[in-house]
Amino acid sequence: MTYKKYLKESNYVSGQWIAADSGKTIDVTNPATGEKIGTVPACGEAETVRAIEAATAAFPAFAAMPLLERVGLLWKLHDAILDNQKSLAELLTVEQGKPLAEAMGEMAIGAAYVRWFAEEVRRAKGEIVPAPGNNRRILVTHHPVGVVGMITPWNFPSSMLARKVGPALAAGCTVVAKPATATPYSGLAWAALCEEVGFPAGVVNIVTGSARAIGGAIMDSPAVRKLTFTGSTEVGKELIRQSADTVKKVSMELGGNAPFLVFDDADVDAAVQGAMVAKFRNAGQTCVCANRFYVQAGVYDTFVEKLIEATAKMKVGDGLADGVEQGPMIDQESVAKVEELVADAVSKGGTVALGGNRHALGQTFYEPTVVTGATQDMRVAKEEIFGPMAPVFRFDSIEDGIAMANDTEFGLCAYAYTREIGQIMRLNEGLEYGMIGINSGLITTVEAPFGGVKESGLGKEGGSQGLDDYLDTKYTAVDY
């Protein structure tokens, strides 16, 4: 294994690799085996304050760096990720559990985000607006917001950071990031890569430890002008409240409850193929994961039969093993949550058509599961599953399908399979989601704005909109 090249057991602050002031550490384990991988510093407020001070000190020079020089560093970062893709992917799989093929894909899209924003920042143009009278010019210009605090999740510990670090560095911002405690090494690897390619000291700072202490220091600091967070809606709401005290700019990518609609005119085989990607990627632990399958009555039985057949063929195991399609869940608490949701569905009339138990492999492995006869009174209709459970609901008309799909406070992502163009237009108008996949179960791409509506978040990541969130707009009136 080559992953140890980027396994860093120290934090990165002001260009130095440091331990926690207390000397305390946190164990990091492999969810597939339960074995200890290593430790990371248990840092808190004091170390975070120093990281913020380092980022603040580094900001003026980095923001003033010639654009092509900054873009050049991003290109080097892109190349470094791809040059070490296998090592970084192995590290990701060891600490997170997803199959190596998925981890390789995560590293590839992470590099692609860096490349995209290196290109996009060169198109971050201002404008000259016509003035209402003579002898005046109205200038609109864009400027980096300043120090950016970043809090990232465990399910995509590398690409979630890529979507934040990429635009921040492209815009000329400096960074203080806290990766998830369960998967800190993929975050610390970004610090190692940035150091390797020559980003100045203080531009990128990564701290691990207490979420409350680190997050509290970030939110309390007036020097941190923006917070970007990916995680639960509950935590996101609390961070939004805290941001009010210093009026921080915030972008929030929060919870999802994605519906997956299959209409009578759909290509059922294609829908099943899309369902497998949308549901079981990363063992169902994705924010855009298909959470509720709504299938029109005319194809319900056929879709269920084919979904069960495809799901039964999945190979479950350690993500580093050949051919594995589903790895472990992140921890025992996550397994218990899926067990609760399955039990709730069964108690309310659902039928476990496949799976429904902890896997014979033990540890945190859970069987790919299909539950039929799902109804809107079940917890799975309202709660994010975040596991390999596919509940299948039946609906009659397009109006019923849209109403059931929208019956949630979330609005991140939705999927639908239909070949009727008018129906597609009605779905575009009627579905209350920030992202909609028509006849596709995998729609994330660097060129498009990623983000939700309703209680699924604020702001966008990716596309030109993803850069806008790291820029302030200034208006200057010039009389002459």
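Structural notes, computed from the coordinates.

What counts, and where the lines are drawn
- Residues numbered from 1 in each chain as written.
- Predicted model: local features only at pLDDT ≥ 70, side-chain atom pairs only at ≥ 80, totals over all residues.
- Heavy atoms only, no water.
- Helix = DSSP H or I, 4+ residues; strand = E, 2+ residues; numbered from the N terminus.
- Buried < 20%, exposed > 50% of the residue type's maximum accessible area, 1.4 Å probe, protein only.
- Contact = heavy atoms within 4.5 Å.
- Disulfide = S-S within 2.5 Å.
- Pairing = 2+ DSSP bridges.
- Axes fitted to C-alpha atoms, helices over the stretch in contact; angles between N-to-C directions.
- Salt bridge = Lys/Arg side-chain N within 4 Å of Asp/Glu carboxyl O.
- Lys, Arg positive; Asp, Glu negative; His and termini not counted.
- Polar contact = N/O pair within 3.5 Å; in protein donor to acceptor, adjacent residues only side chain to side chain.
- Phe/Tyr/Trp six-rings, centres within 6.5 Å; stacked < 30°, edge-to-face > 60°.
- Right-handed = clockwise from strand over helix to strand, strands pointing away.

## Describing the side chain of T48
Okay, so step 1: Here T48 is to be found in helix α1 (residues 45-64).
Okay, so step 2: For T48, a relative accessible area of 0% gives the class buried.
Okay, so step 3: If sequence neighbours within four positions are ignored, T48 has contacts with V176, V207, I214, A217 and I218.

## As for the state of the cysteines
The term disulfide refers to a covalent linkage connecting the sulfur atoms of a pair of cysteines.
Okay, so step 1: Going through the model one piece at a time under the given rule, you end up with 0 disulfides.
Okay, so step 2: In this structure C289 is a free cysteine whose sulfur lies 9.4 Å from that of C287, the closest cysteine sulfur available.
Okay, so step 3: Looking at C289, the relative accessible area reads 4%, which means it is buried.

## Here's the deal with the sheet that holds strand β16 (residues 389-395)
Okay, so step 1: The 7 strands lie next to each other as β14-β15-β16-β13-β12-β17-β18, forming an open sheet whose pairing is mixed. Across the chains shown, the open sheet's two edge strands, defined by having one partner strand only, are β14 (351-354) and β18 (435-438). When strand polarity is set aside, the average angle formed by the axes of neighbouring strands in this sheet is 25°.
Okay, so step 2: Relative to strand β17 (residues 413-417), strand β12 (residues 258-262) runs parallel, the two sharing 3 bridges. Directly across from V262, in β17, lies its bridge partner Y417.
Okay, so step 3: Helix α11 (residues 332-347) rests against β14, β15 (369-374) and β16 of the sheet, and its axis sits at about 30° to β16.

## As for the pairing of strand β4 (residues 36-41)
Remark: a regular strand shows side chains that alternate across the two faces of the sheet.
Okay, so step 1: Counting buried residues along β4, 5 of its 6 residues qualify, which places the element largely inside the surrounding structure.
Okay, so step 2: As judged from the 5 bridges shared by strand β3 (residues 25-29) and β4, these two strands associate in the antiparallel manner. Across the sheet, T29 pairs through a bridge with K36, a residue of β4.
Okay, so step 3: Between β3 and β4, which pair antiparallel and follow one another directly, the connecting turn spans 6 residues, one of which, G34, has a positive phi of 80°.

## Observations concerning the pattern of salt bridges
Okay, so step 1: Applying the stated criterion to the full structure yields 23 salt bridges.
Okay, so step 2: In this structure, R379 engages E340 in a salt bridge whose closest nitrogen and oxygen atoms are separated by 3.5 Å. On the criterion of sequence distance, the pair formed by R379 in the loop between β15 and β16 and E340 in helix α11 is long-range, its members being 39 residues apart.
Okay, so step 3: Residue classification places R379 among the partly exposed residues on the basis of a relative accessible area of 25%.
Okay, so step 4: Each of R163, K164, E253 and E461 takes part in one network of salt bridges that share partners.

## What to know about the side chain of K226
Okay, so step 1: Inspection of the secondary structure puts K226 in strand β10 (residues 224-230).
Okay, so step 2: For the buried residue K226, which engages in no salt bridge, the nearest side chain bearing the opposite charge is D469, 4.7 Å off.
Okay, so step 3: At 2.9 Å, the side chain of K226 and the side chain of S251 are in polar contact.
Okay, so step 4: Those residues in contact with K226, other than ones at most four positions away along the chain, are V145, V147, V148, G149, K249, V250, S251, D469 and Y470.

## Brief notes about the packing of aromatic side chains
Okay, so step 1: For the coordinates displayed, the defined rule picks out 10 aromatic pairs.
Okay, so step 2: Ring geometry for Y113 and F117: centres 6.5 Å apart, planes at 15°, overall stacked. Taken as a pair, Y113 and F117 lie in helix α4 (residues 100-120) at a separation of 4 residues, close to a single helical turn.
Okay, so step 3: For Y113, a relative accessible area of 1% gives the class buried.
Okay, so step 4: Among the residues examined, F117 registers a relative accessible area of 0% and is labelled buried.
Okay, so step 5: Note on F260 and F293: the rings are 5.0 Å apart at their centroids and 45° apart in plane angle, and the pair reads as tilted.

## Some points on the sheet that holds strand β5 (residues 127-129)
Okay, so step 1: One open sheet holds the 3 strands; their spatial order is β5-β6-β20, and the pairing between them is antiparallel. Edge strands, defined here as strands with exactly one partner in the open sheet, are β5 and β20 (471-479). Between one strand axis and the next, the sheet turns by 25° as a mean value, whatever way the strands run.

## Focus: unusual backbone geometry
Okay, so step 1: Positive phi values are uncommon outside glycine, yet S14 reaches one of about 55°.
Okay, so step 2: By the element assignment, S14 lies in the loop between β1 (11-13) and β2 (16-18).
Okay, so step 3: Residue S14 is classed as partly exposed on the basis of its relative accessible area of 35%.
Okay, so step 4: Positive phi, close to 55°, is recorded for N282, a residue that is not glycine.
Okay, so step 5: In this structure, N282 sits in the loop between α9 (268-280) and β13 (290-296).

## Points about the pairing of β10
Okay, so step 1: With 6 of 7 residues buried, β10 lies mostly within the body of the structure.
Okay, so step 2: Sheet topology places strand β7 (residues 147-151) next to β10; 5 bridges connect them, and they run parallel. Across the sheet, the residue bridging to V148 is K226, located in β10.
Okay, so step 3: A crossover connection joins β10 to the parallel strand β11 (residues 249-253) through helix α8 (residues 233-243); in handedness this β-α-β unit is right-handed.

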